[in-house]
Amino acid sequence: MEKLVNFFDEVGKEDVPLVGGKGANLGEMFGAKIPVPEGFVVNVNAYKNFLNANPEIKEEISKILAETDIHNTDILETNTKKIRELMMSVKMPEEISNEIKKAYHKMCGQNDAFVAVRSSATAEDLAEASFAGQQDTYLNIIGDNNVVYNVQKCWASLFTGRATFYRTEQKFDHMQTYLAVVVQRMINSQVSGVMFTASPVTGEDVIIIEGAYGLGEFVVGGVVTPDTYLVDKKTMNITDKKISVQKIGLVKKDGVTKQVDINEIYQNVQKFSDDKIKKLADVGMLIEKHYGKPMDIEWCEEDEKIYAVQARPITTIKKEGVGMEKVKEETDEETKTKEGTSEKKVILTGFGVSVGIASGIVNIVHDISNLSKIKPGDVLVTRMTTPDMVPAMKKAAAIITDEGGMTCHAAIVARELGIPCIVGTKTATKEITDGSIVTVDGKKGLVYAGKIKIEEAKKKIEKESARQPGGYVVTAPIITSTEIKGNVDFGNVAEKAVLAGADGVGLLRSEHMFLEIGEHPKKLIRENRREELITKIMNGIRDVADVMHPRPVWYRTLDLKTDEFKGLTGGEDEPVEANPMIGWRGIRRSLDEVEVLKCEFEAIRRLREEERLTNIGVMLPMIQHPSELRKAKELALEVGLDPEKMDFGIMVEIPAAALIIDDFIKEGISFISFGTNDLTQFALALDRNSAHVAKLYNEQHPAVLKLIDMVIKACKKNNVKTSICGQAGSDPKMVEKLIIMGIDSVSANIDAIETIRKVAARVESKLLLESARKNFKD
């Protein structure tokens, strides 16, 4: 007789047709020694036998489905309810119930144990499709008869309105979609949530962890807004935290699942400690390595032990400007109509969880009975979405919710549907006027009043990077472990960097921004025009950071020399220096004129907090002692910019900084970038502006290379990122040496990005081949 039940140690990821996506992935992780609660799967043979033992309901289901219009919500809900009632009206065949009971007692031993009974569809958790909460899960089930009953309820949930709608939209055959059921030891979670090993919104290579008190259903369901923690995959350091207020939780109490109030003392504190976040991130990396692709992982913690309770490939990563995306042609008139106004007034913020920008009429839904009023192109606003709302969500141009995080139902479905979505706004249903027009930026998490004009630059980038003959992208990008970034001065150069495939901006020079302002910054401050200065700095940084988002942009603070300042209005009193190149410049001047530096920090703070441009980092130039770093960080904190929650690093362009790099690391930096132009002239005592000694200028001088190698080794040891932004970053021979040394990224001139990426790919392949040969010989 064919098996009806399989324990986790009997199945793996190739067994999806037998045990469904969830069951297959749990078995795969169990076999890989990843911490997974023990359990078994009632496989699809049991489901098929159940239907075959009751042929009359099988025929009736097909008949009802044929008569169902999935776009008519009332008919859909009425007919699918009939199917579920039909499936629960018949008795479970004895041979199936006996096998379930036998497996349950084998797992539990002498005493009955609480279990979770979880649906596992054969079209679920695949790399091609993600079924977000389409079938049911039942928690805290105890006793063999109750387990059997809830297995049957899971089978019936294959025909909820939401599941039926989704399968039809995805063109899955209803009668060829089989359901297995996972029965798994119940974890009474103190904290639980979801972890992504890459951003499901942008594809950024970062670990995103969401966590909340209690069982994970409130996180996935969007009932609560969880904490969010970001972990750098290269250094495994925590790079950002967003702590949310949690007033309620879902727990097991008195043998049943209950909603409870969270003590006020714990509502607004970090739910998961830093040490546990790093341990969980390690588990995520282990799972990603095993599967060889970015993963979406449900997790929980009980009695200080972390468990993975589900894993599936992330199905919603879309690289902007890359991929087989058809480009829709529009007439000038159509484009003009869609663009709207260029004025931007932010009326609400939240978590951007699905990329895109869309405008529409606000339609607020307070409960499921209001779903029928949603019209195509509306902006759906609700407290939180549920799986039953999927048909209405399909019509919406964008979605905004009060509650939820990166992994809630609204976020998952919006990414699957490809529509902009913002969650966790707290007050959308109260602050946005029903019937008003808004624009939703699903990347940044911003809601604007009215219909906003789409920037020409962004439209140009999307078209030029997507359109090829026939309207499709036909070439695959070269992927390198070494990030290839660009050196940028202006917004239009950033556009070229995106088109060149840059992984970010390794050097955003501030000097040209200040020269464009035309007035000495101290003059503006003396004339009480500080706000004007901050605004102009913001404009200059925004032009680049907005185009590059979410790719990192490292802004180098002001590094004008005294002779350059003299050319600005108000610069007449600049001192005359014999050699401005080694004079009053960079961070040494900024710490003497702290108000200018504080204006730069204030501009960055506003862009990061108010406009969600969290990709902006700070790079301090001409630094030679850790005390300078310490003072700069103190000034940043004075304006509310926290160096510990962002990329905050230094230029290594003075030999002193290289020689005492360990002291800078102890003071606290997240990255360094070599300024090889200055590092070379200072190490070799050469004026790079002098024609008489130009022949001696050599960035590959053994002394320069020794300083660089020493710094890279120290940074590698301490998980500090390394980069280069000097002219040498555009030299293929130099870049080859740097990659062999182990540098993390190279920032090149825009016209050199493509060449440098090819060099990186070739060198990395060579290193891998040499390593493989060595291992083979050993």
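Structure's up top.
## Thoughts on the sheet that holds strand 23 (residues 505–509)
Item 1. Spatial strand order, 28-27-26-25-24-23-22-29: eight strands in an open sheet with parallel pairing. The sheet is open, and its two edges are formed by strand 28 (721–724) and strand 29 (745–748), each paired on a single side. Pairs of neighbouring strands in the sheet enclose a mean axial angle of 30°, with direction left out of account.
Item 2. Summarising the sheet, strand 26 (residues 648–652) and strand 27 (residues 671–674) pair through four bridges and their orientation is parallel. Counted as the bridge partner of Ile 650 is Ile 672 from strand 27.
Item 3. Strands strand 22 (483–488), strand 23, strand 24 (553–556) and strand 25 (616–620) of the sheet are contacted by helix 19 (residues 530–548), whose axis makes an angle of about 160° with strand 24.

## Digging into the nonpolar core
Item 1. Among the nonpolar cores identified, the biggest contains 86 residues, and Ile 541, Ile 661, Ile 672 and Phe 674 are the most heavily contacted of them.
Item 2. Considering every element that reaches this core, the biggest residue donor is helix 19, with nine residues.
Item 3. Among the nonpolar cores identified, the runner-up in size contains 76 residues, and Val 42, Ile 96, Ile 100 and Ala 156 belong to it.

## Observations concerning the sheet that holds strand 13 (residues 305–313)
Strands belonging to one sheet form pairs held by backbone hydrogen bonds; the direction of such a pair is parallel or antiparallel.
Item 1. With antiparallel pairing, six strands are arranged side by side in an open sheet as 9-8-7-6-12-13. Of all strands in the sheet, those with a lone pairing partner are strand 9 (238–242) and strand 13, marking the two edges. If you compare each strand with its neighbour and ignore which way they point, the axes differ by 20° on average.
Item 2. Strands strand 6 (191–196), strand 7 (206–213), strand 8 (227–232), strand 9, strand 12 (295–302) and strand 13 of the sheet are contacted by helix 10 (residues 274–291), whose axis makes an angle of about 140° with strand 12.

## Description of the environment of Phe 664
Item 1. Relative to the elements of secondary structure, Phe 664 occurs in helix 25 (residues 661–667).
Item 2. Owing to a relative accessible area of 0%, Phe 664 belongs among the buried residues under this scheme.
Item 3. Separated by 392 residues in the primary sequence, Phe 664 and Phe 272 have C-alpha atoms spaced 29 Å apart.

## Some thoughts on the packing of aromatic side chains
Item 1. Under the defined criterion, the tally for this structure stands at eight aromatic pairs.
Item 2. Summarising the aromatic geometry, the rings of Phe 7 and Phe 40 are spaced 5.5 Å apart at their centres and angled 55° between planes, so their arrangement reads as tilted. Here the residue Phe 7 occupies a position in strand 1 (residues 5–7), and Phe 40 occupies one in strand 2 (residues 39–42), the gap between them amounting to 33 residues. Pair check on accessibility: Phe 7 and Phe 40 agree, each one buried.
Item 3. Ring centres of Trp 554 and Phe 671 lie 3.7 Å apart, and the angle between their planes is 10°; on these two criteria the pair is classed as stacked. Highlighted residues: Trp 554 in strand 24 and Phe 671 in strand 27, separated in sequence by 117 residues.
Item 4. An aromatic cluster of three or more residues is present, and its members are Tyr 47, Phe 50, Trp 155 and Tyr 178.
Item 5. Its guanidinium or amino end placed over the ring of Phe 565, Arg 589 lies 4.2 Å from that ring's centre, counting from NZ or CZ.

## Here's the deal with helix 19
Item 1. Taking 1.5 Å per residue, 19 residues should reach 27 Å; helix 19 reaches 27 Å between its end C-alpha atoms and fits that length.
Item 2. Bending of helix 19 peaks at approximately 35° at the position of Arg 542.
Item 3. Three or more residues of helix 19 are buried, namely Leu 533, Ile 534, Ile 537, Met 538, Gly 540, Ile 541, Val 544, Ala 545, Asp 546, Val 547 and Met 548.

## Brief notes about the packing of helix 2 (residues 44–52) against helix 3 (residues 55–66)
Item 1. Where helix 2 meets helix 3, the axes come as close as 6 Å, and the angle between the chain directions of the two elements is 95°. Overall, the two elements helix 2 and helix 3 adopt an arrangement that is roughly perpendicular. Two secondary-structure elements touch here, helix 2 through Phe 50, Leu 51 and Asn 52 and helix 3 through Pro 55, Ile 57 and Lys 58.
Item 2. Counted by class, the contact of helix 2 with helix 3 contains four nonpolar, one polar and one charged residues.

## Looking at a nonpolar patch on the surface
Item 1. A surface patch of nonpolar side chains, about 300 Å² in accessible area, is lined by Ile 265, Tyr 266 and Val 269.
Item 2. Judged by relative accessible area, Val 269 falls into the partly exposed class, the value being 33%.

## Things to note about the pattern of salt bridges
Item 1. What the rule picks out here adds up to 48 salt bridges.
Item 2. Across the pair Glu 609 and Arg 605 runs a salt bridge whose closest N-O atoms are separated by 2.8 Å. One end of the pair is Glu 609 and the other is Arg 605, both in helix 22 (residues 594–610) and four residues apart, which spans about a single turn.
Item 3. Using a relative accessible area of 14% as the deciding quantity, one classes Arg 605 as buried.
Item 4. The structure contains a network of salt bridges with shared partners spanning Glu 519, Lys 523, Glu 527, Arg 529, Glu 532 and Lys 536.

Analysis parameters
- Residues numbered from 1 in each chain as written.
- Predicted model: local features only at pLDDT ≥ 70, side-chain atom pairs only at ≥ 80, totals over all residues.
- Heavy atoms only, no water.
- Pairing = 2+ DSSP bridges.
- Helix = DSSP H or I, 4+ residues; strand = E, 2+ residues; numbered from the N terminus.
- Axes fitted to C-alpha atoms, helices over the stretch in contact; angles between N-to-C directions.
- Contact = heavy atoms within 4.5 Å.
- Core = buried A, V, L, I, M, F, W, Y, C linked by side-chain atoms within 4.5 Å.
- Buried < 20%, exposed > 50% of the residue type's maximum accessible area, 1.4 Å probe, protein only.
- Phe/Tyr/Trp six-rings, centres within 6.5 Å; stacked < 30°, edge-to-face > 60°.
- Lys NZ or Arg CZ within 6 Å of the ring centre and 35° of its normal.
- Expected span 1.5 Å × (residues − 1).
- Bend = angle between axes of the 7 residues up to and from the residue.
- Parallel < 35°, antiparallel > 145°, perpendicular 65-115°, else oblique.
- Nonpolar A, V, L, I, M, F, W, Y, C, P; charged D, E, K, R; others polar.
- Patch = residues over 30% accessible without salt bridge, like charges linked within 9 Å, V, L, I, M, F, W, Y side chains within 5 Å.
- Areas by Shrake-Rupley, 256 points an atom, 1.4 Å probe, with all protein chains shown as cover.
- Salt bridge = Lys/Arg side-chain N within 4 Å of Asp/Glu carboxyl O.

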